[in-house]
Amino acid sequence: MVMRTLAAVAALLISACGARAASPEELKAICEEAAKRYEEQFGSAQGAAPQPVVAMFKYTFCPRNLTVKRGTVVRFVNVDKRTTHSFWFRDAGQPESERFLPGEGATMTIDLPPGEHKYLCGPHWEREDMIGTITVTQ
Ligand SMILES: [Cu+2]
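Residues numbered from 1 in each chain as written. Predicted model: local features only at pLDDT ≥ 70, side-chain atom pairs only at ≥ 80, totals over all residues. Heavy atoms only, no water.

As a further point, take the state of the cysteines. Taken as a whole and judged by the stated rule, the model has 1 disulfide. Two residues, Cys31 and Cys62, share a disulfide whose sulfurs are 2.1 Å apart. Its torsion about the S-S bond being -85 degrees, the disulfide of Cys31 and Cys62 is classed as left-handed. You can see Cys31 sitting in helix α2 (residues 24–42) and its partner Cys62 sitting in strand β2 (residues 60–62), a full 31 residues away along the chain. (Disulfide = S-S within 2.5 Å. Helix = DSSP H or I, 4+ residues; strand = E, 2+ residues; numbered from the N terminus.)

Below is the structure:
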């Protein structure tokens, strides 16, 4: 009973803060829309780019999890309508990128040790759970 009450209070607090991880279905829908917007803006499919592209859209990195070989150049692009986004490999000791307006982006050479690396969107990781991972292979 106490546990149930605690769980209810926790759920209430989480919803009150607005921080809630999107479900896999929601992520899929967001990333499908992001891919569509990418193609409209850049004239080719996100998956057809010569280097992996991470689209930033609706507080989500698309794809949220990406696996690349060490040294791969990854492009991060904001395909949102109004919101600025950044990418920040904070745990790897790197500075935050600039905050990109819609249509802007930058590349990064993923020169990180093999393993999984979490990265954040500076303005949105805390409240909106805008967090991605890049898994580096040799
Ligand atoms: Cu963001």
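Phe61, Phe76, Phe87, Phe89, Ile110, Tyr119 and Ile134 are the most contacted members of the largest nonpolar core, which totals 18 residues. In this structure, Ile30, Tyr38, Cys62 and Val79 belong to the second largest nonpolar core, which totals 10 residues. (Core = buried A, V, L, I, M, F, W, Y, C linked by side-chain atoms within 4.5 Å. Buried < 20%, exposed > 50% of the residue type's maximum accessible area, 1.4 Å probe, protein only.)

Turning our eyes to something else, we now look at the sheet that holds strand β1 (residues 53–57). Across the sheet, 4 strands lie side by side as β2-β1-β4-β5; this open sheet has mixed pairing. Only two strands of the sheet have a single neighbouring strand rather than two, namely β2 and β5 (105–109). Across the sheet, the mean angle from the axis of one strand to that of its neighbour is 20 degrees, orientation sign disregarded. The pairing of strand β4 (residues 73–78) with β5 spans 5 bridges and is classified as antiparallel. Its bridge partner lying in β5, Arg75 is registered against Thr107. Relative to β2, α2 is tilted by about 65 degrees, and along the sheet it contacts β1, β2 and β4. (Pairing = 2+ DSSP bridges. Axes fitted to C-alpha atoms, helices over the stretch in contact; angles between N-to-C directions. Contact = heavy atoms within 4.5 Å.)

Another point: the coordination of the copper ion. Around the copper ion, the protein contributes the donor atoms His85 (ND1), Cys121 (SG), His124 (ND1) and Met130 (SD), which lie 2.0 to 2.6 Å from the metal centre. Each donor residue of the copper ion lies on the same chain, and together they follow the pattern H-x35-C-x2-H-x5-M. Relative accessible area serves as the criterion here: at 0%, Met130 is assigned to the buried category. (Donors = N, O, S within 2.8 Å, 3.2 Å for Na, K, Ca; no water.)

On to the pattern of salt bridges, then. A full pass over the atoms with the stated rule returns 6 salt bridges. For Arg64, the salt bridge goes to Asp129, with nearest N and O atoms at 3.2 Å. On the criterion of sequence distance, the pair formed by Arg64 in the loop between β2 and β3 (65–69) and Asp129 in the loop between α3 (125–128) and β7 (131–137) is long-range, its members being 65 residues apart. On the basis of relative accessible area, Arg64 is assigned to the partly exposed category, the value being 25%. (Salt bridge = Lys/Arg side-chain N within 4 Å of Asp/Glu carboxyl O.)

This paragraph deals with the packing of aromatic side chains. Taken as a whole and assessed by the stated rule, the structure comprises 6 aromatic pairs. Taken together, a centroid distance of 4.7 Å and an interplanar angle of 35 degrees make the contact between Tyr38 and Phe42 tilted. Within this pair, Tyr38 and its partner Phe42 are both found in helix α2, separated by 4 residues, close to a single helical turn. Residue classification places Tyr38 among the buried residues on the basis of a relative accessible area of 2%. Relative to Tyr119, the ring of Phe89 has its centre 4.8 Å away and its plane inclined at 20 degrees; by these criteria the two rings are stacked. Of this pair, Phe89 sits in the loop between β4 and β5 while Tyr119 sits in strand β6 (residues 115–120), and the two are 30 residues apart along the sequence. No difference in accessibility class separates Phe89 from Tyr119, as the two residues are buried. In textbook terms, an aromatic cluster arises when at least three aromatic residues are bridged by ring pairs, as seen for Phe61, Phe76, Phe87, Phe89, Phe100 and Tyr119. Taking NZ or CZ as reference, Arg90 lies 5.8 Å from the ring centre of Trp88, over its face. (Phe/Tyr/Trp six-rings, centres within 6.5 Å; stacked < 30°, edge-to-face > 60°. Lys NZ or Arg CZ within 6 Å of the ring centre and 35° of its normal.)

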